[in-house]
Amino acid sequence: NRSPTAILEALASTVRNDVNQPIYSTIDDPFLYSTTDRVKKAHLAAYESGRKTAEHMLALYPDYFTQIWDDPLPDAWKKDSEYIYAEPCEDALNERITKRKVVEAIDMYRTIISNGEPLSQESQEKLLELLVVFNCKDPVEETDIGSYINAPDYRAFSPFPPCTWQKANAAEEVFDALPEKTASAYCQMIRGMSANYHKEGVLSMYNAMKANKMPVDVETYNAILKVASLDTETIDDVKLFVETILKDMAANNVKPNEKTFISAMVNLRRLSRWSGAKKFVLALFSEMKACGIEPGLSTYVQILHIFYYFKDRSSKTPELLEQVLDDLKGKEFECKTENDVQFFRSVMGMIAAHFPDSKLALRLHELLQYGKNRDLLSNRQAQYGYYSDLFTVIIPLEHIDVVMDLYKEVVPYIFFPNSETFKLILESIEMHEGHQYVSQLYTDLQWTSMFKDFDFLSRFTQTLAERKHEAKTQNELCMIASSLMDQWTRKQHLHDALPVNGVVIGNLIKTHLNNDDLKTAWSLF
Amino acid sequence: MLRSIIRYSSALVPGVLVKETKLRSLSDILKLSSNLRQLSLSAPRYEDEKKRRPRRDKVFKEETPVSREVQEAAVQAAKSLPGDWTKTAEELLARLQTKDAESAREPVGDEPRSLLSTMKIGRAFEPGRDSERRRGGRKGQNNQKDDSFFSQSIVQKAAVDKKIFKERRHTSEFKDLYGVPRLGIFETKKEAEVAHDDSRPEAAEDLWAKVEKEHVRRLQGGLPRNAFEEMIRLTEQGKVWTFPVDNEADLHEERKYKFHDHVFLERHLGEFPKVGPIRKFMELVTLGLSQNPWLSVPEKIEHISWFAQYFKEKQDILKSTLGEQGEMKNAAKGSEQS
């Protein structure tokens, strides 16, 4: 039995995704191609706000948009606010739960209770589940474009995340009113409280469960482990907590999964500067291996963050990182947890901050290109950070051919370097004498207004004028020089002309002289 | 002019580029500067490192003070240039102090080698380098600077050593990913035997798992990269039919009714007279409706009730022409008049 999108997914897998092409939604209109990070954000935000405005108009003036066909609209196009059951009854409650309307579900529940009608255990547990998952607030919908543009939320990894669980909120109300407090109800409460960093609640619930000898499932244990590091003073406290919980798990024959160890490691990541964290995380890692669980990207992300946090200034050695890269070589990953998403961006940041070694960076890049791993680096900020770090590391150290291969793969549509990176590339070109690439750079630079900056313009023209080259390259450079002059002469009297002055013209003259083109050179003079 | 050339070239190549004619007598400086120029090919990175890690540089500076020869040579070079020679000398010495230890120790009196032999391509970061730098160089290499190294005070050297030892104690312990022994909480044999199956099916249906999946999808933040991915997203939102196209998609209203509701419509004819032309007409209407696949059951019933309404309005004309056969009854739906 296939899923509804199985065929489409199979077709999509045949399409190459690493082509240097503009964003798909803009592909029809060249005017909308976006290159630099700023432009991408602006364009996509405009797209998104246009859509929201249209929805707003529909809501304000529904009369102008009447439906003229007979068949009813499918559910997807209908507005969500119409319910089948409006009267307070159990079905109405269930409907609101399935549609994830948290606030209205709470209201419906309170109405039913005040009416004195009975509710089944199942509905109450479902309501409890809904409330703890969303912490008694309506879920915020974010669209595809919004999630592409906006930065992800990494609050969970801050050292002491604040507790967002309100005392005596609706979830606790429902829980207390449950006729029979089953193990699953307790588990839901624990998971909800842990997701909101309410450590006391978690512990009290867990002790209650232990006192009543209720079975705890593995996800609940994972949730308890997540809050281990809050309100602790030293790593030893954390260690004690984690080991106690793990021993409870072993005693109750609950099999740990990868998430168990990740939850434990997240605590250490929050406190990575405290002594003893590194040893403990490696001990957990060995335990994980011994249990036969295959470590995924998330595990390695935690370990690497503890060892190589990129704001940490003390010296580091790359052996651990190299071992991790060796382990991950030749494996394909898919995005299962939120930590997976961070992997490539953070590791490249670590490489750039601690050991700017181009070989390591290229190994990581190779891992990215294997199979479907590229999907893990789709957020705009992650892509930009990753590639800018990659270029900063590679350009000073690798030969210009390697750099330009990478450049052609990515620029201009996937990543656009800033002016500092371009200056580095120009230096590298001068050093390795790769002037045949200057025309490529010039074409790409037309997307931006970097030439308006005098430093950049003089640097660029200096590369043009550096030495005499063979005929073909020299011709190209001369064409670039003439086009720059054309640009300047056309806009000479406008305020946004290129900042051409003596140095720049001198370089352009030299370029033409190198090409033995005295006439043009003299005309510039 | 010369000064501007120096400054201009030193912005890119922080070595000292001086006109050859002036320096034939200072061949030492020329070779030194050419070595410096070769070094400075990877200069930008060092500049960055300097900015980001001043602490390291301080340790380094303690260990390798510039030798007297070089100092004298620098002063001579500075004096030969126009301008304030003290300043130029300071600049030169500053540059010499911040260059790489190993390359600076290249024997100054040697022939200037080709660019390739001194340039470091590829792996510019060597892991052992930090500790070596602190210890003051590789053991067993011919150190031209041995005299300067030993001229350092013993106390200073001991202090540096202590620092190295402390740091190495912390970082070198954990170089191996599998180095630390396990906690020994879970019994590995037992875990390996127990099968995986129990946790998976629950996890897929759990609200937590679903929300987590959507959250991860959102964090990944990918836009559709081709038409197929766009269609996948639209299908998931329910705006596009699924493939293969399901005949009964969006037919949830129709599922309430069975075929006999569509075909046997005579029970809705309770309001009409049992015999006569009106009855015949309505039977033909029901025949036609039963063969109509496009209308839903409520719509068919609506058709019939429209006719009933119409005939009721024209009741007086019908009664006068048809008599009993024109009389509409006010019976409830589905009841058979006796």
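Every value quoted in this text rests on a predicted model; they were computed, and no experiment measured them.

For chain A, the helix and strand inventory stands at 25 helices and 0 strands. The proportion of buried residues among the 525 residues of chain A is 50%. Contacts spanning at least 24 positions in sequence make up 70% of the contacts within chain A whose residues lie at least 6 apart.

With that settled, consider the interface of chain B and chain A. With 70 residues of chain B at the interface, the matching set in chain A holds 95 residues. When residues of chain B are sorted by the area they lose upon contact with chain A, Leu177(B), Phe186(B) and Trp208(B) head the list and together hold 11% of the total. In this structure, the salt-bridge partner of Asp375(A) is Arg225(B), at a minimum N-O distance of 2.8 Å. Between the two partners, chain B and chain A, sit 11 residue pairs in polar contact (both at pLDDT 80 or more). Broken down by element, the residue count for the side of chain B that touches chain A peaks at 11 residues, all from helix α14 (residues 207–220) of chain B. Within the side of chain B that touches chain A, the residues separate by chemical class into 30 nonpolar, 15 polar and 25 charged.

This next bit is on helix α13 (residues 277–290) of chain A. An α-helical segment advances 3.6 residues per turn. Residues three or four places apart therefore align on the same side. Residue and element names in this part refer to chain A. In this model α13 runs 20 Å from its N-terminal to its C-terminal C-alpha over 14 residues, within 8% of the 20 Å that 1.5 Å per residue would give. Within α13, 10 of the 14 residues are buried, which leaves the element mostly enclosed by the surrounding structure. Every buried residue belonging to α13 is among Ala277, Phe280, Val281, Leu282, Ala283, Leu284, Phe285, Ser286, Glu287 and Met288, and all of these are buried. Tucked inside the fold, the buried residues of α13 contact α11 (235–251), α12 (258–270) and α14 (297–308). Positioned one or two residues after α13, Gly292 has a phi angle of 80 degrees, which is positive.

Counting residues in hydrophobic clusters, the biggest one holds 150 residues, and the most contacted among them are Phe343(A) and Phe460(A). When residues of this core are assigned to domains, at least three map to each of domain 2 (295–398) and domain 3 (435–524) of chain A. What Phe343(A) contacts, discounting residues up to four positions off in sequence, is Leu297(A), Tyr300(A), Val301(A), Leu304(A), Leu328(A), Leu364(A) and Leu367(A). Grouped together as the second largest cluster of nonpolar side chains are 14 residues, Leu265(B), Phe272(B), Phe311(B) and Leu318(B) included.

This next bit is on the packing of aromatic side chains. Using the criterion set out here, one finds 24 aromatic pairs over all chains in the structure. Seen from their ring centres, Phe272(B) and Phe311(B) are 6.3 Å apart, and the 85 degrees between their planes marks the pair as edge-to-face. Separated by 39 residues along the polypeptide, Phe272(B) in the loop between α16 (259–263) and α17 (277–290) and Phe311(B) in helix α18 (residues 297–313) bring together distant segments of the chain. The pair formed by Phe272(B) and Phe311(B) is uniform in burial state, with each residue classed as buried. In textbook terms, an aromatic cluster arises when at least three aromatic residues are bridged by ring pairs, as seen for Phe343(A), Phe344(A), Tyr384(A), Tyr386(A), Tyr387(A), Phe391(A) and Phe415(A). Taking NZ or CZ as reference, Lys181(A) lies 5.5 Å from the ring centre of Phe175(A), over its face.

Take the pattern of salt bridges next. Side chains that carry opposite charge are capable of pairing whenever their charged atoms lie near each other. Counting across every chain of the model gives 19 salt bridges over all chains. One salt bridge in this structure joins Lys99(A) and Glu95(A), with 3.8 Å as the shortest N-O distance. Judged by relative accessible area, which is 33%, Lys99(A) ranks as partly exposed. Of the charged contacts, one joins Glu236(B) and Arg217(B) as a salt bridge, the two residues approaching to 3.4 Å between their closest N and O atoms. In this pair, Glu236(B) sits in helix α15 (residues 227–237) while Arg217(B) sits in helix α14, placing the two residues 19 residues apart along the sequence. Judged by relative accessible area, Glu236(B) falls into the partly exposed class, the value being 48%. Judged by its relative accessible area of 37%, Arg217(B) falls in the partly exposed class.

Now for helix α17 (residues 358–369) of chain A. Residue and element names in this part refer to chain A. Helix length check: α17, at 12 residues, gives a terminal C-alpha distance of 16 Å against a target of 16 Å (1.5 Å per residue), a fit within 8%. Along α17, the residues classified as buried are Ser358, Leu360, Ala361, Leu364, His365, Leu367 and Leu368. Buried residues in α17 make contact with α15 (319–328), α16 (338–354), α18 (380–394) and α19 (400–410). With a side-chain oxygen positioned 3.2 Å from the backbone nitrogen of Lys359, the residue opening α17 is Asp357. Positive phi appears at Gly371, one or two residues downstream of α17, with a value of about 55 degrees.

All names here are of chain B. Of note, Thr286 is situated in helix α17. Look at Thr286 and you get buried, because its relative accessible area is 7%. A polar atom in the side chain of Thr286 sits 2.6 Å from the backbone oxygen of Glu283. Excluding residues that lie within four positions of it along the chain, Thr286 makes contacts with Leu265, Leu269 and Ile304.

What follows concerns the confidence of the model for chain B. All names here are of chain B. Looking at chain B as a whole, its pLDDT mean stands at 65, while 48% of the residues score no less than 70. Looking across chain B, the model is least confident in helix α4 (residues 54–63), with a mean pLDDT of 40, and most confident in α17, with 93. Below a pLDDT of 50 lies the segment residues 123–152, which in the model reaches 50 contacts outside its immediate sequence neighbourhood of four places, other chains included. The complex prediction reports pTM at 0.70, with the ipTM value standing at 0.83.

Here we come to unusual backbone geometry. Residue and element names in this part refer to chain A. Note the cis peptide between Val411 and Pro412, where omega equals 0 degrees. With respect to the helices and strands, the residue Pro412 is situated in the loop between α19 and α20 (419–432). We note that Tyr197 has phi near 60 degrees; this positive angle belongs to a residue other than glycine. Mapped onto the fold, Tyr197 is located in the loop between α8 (183–195) and α9 (199–211).

Definitions and cut-offs
- Residues numbered from 1 in each chain as written.
- Chains lettered and ligands numbered in written order.
- Predicted model: local features only at pLDDT ≥ 70, side-chain atom pairs only at ≥ 80, totals over all residues.
- Heavy atoms only, no water.
- Helix = DSSP H or I, 4+ residues; strand = E, 2+ residues; numbered from the N terminus.
- Buried < 20%, exposed > 50% of the residue type's maximum accessible area, 1.4 Å probe, protein only.
- Contact = heavy atoms within 4.5 Å.
- Buried area = accessible area lost by both parts, 1.4 Å probe.
- Salt bridge = Lys/Arg side-chain N within 4 Å of Asp/Glu carboxyl O.
- Polar contact = N/O pair within 3.5 Å; in protein donor to acceptor, adjacent residues only side chain to side chain.
- Nonpolar A, V, L, I, M, F, W, Y, C, P; charged D, E, K, R; others polar.
- Expected span 1.5 Å × (residues − 1).
- Core = buried A, V, L, I, M, F, W, Y, C linked by side-chain atoms within 4.5 Å.
- Domains from an automatic or database assignment.
- Phe/Tyr/Trp six-rings, centres within 6.5 Å; stacked < 30°, edge-to-face > 60°.
- Lys NZ or Arg CZ within 6 Å of the ring centre and 35° of its normal.
- pLDDT = per-residue confidence, 0-100.

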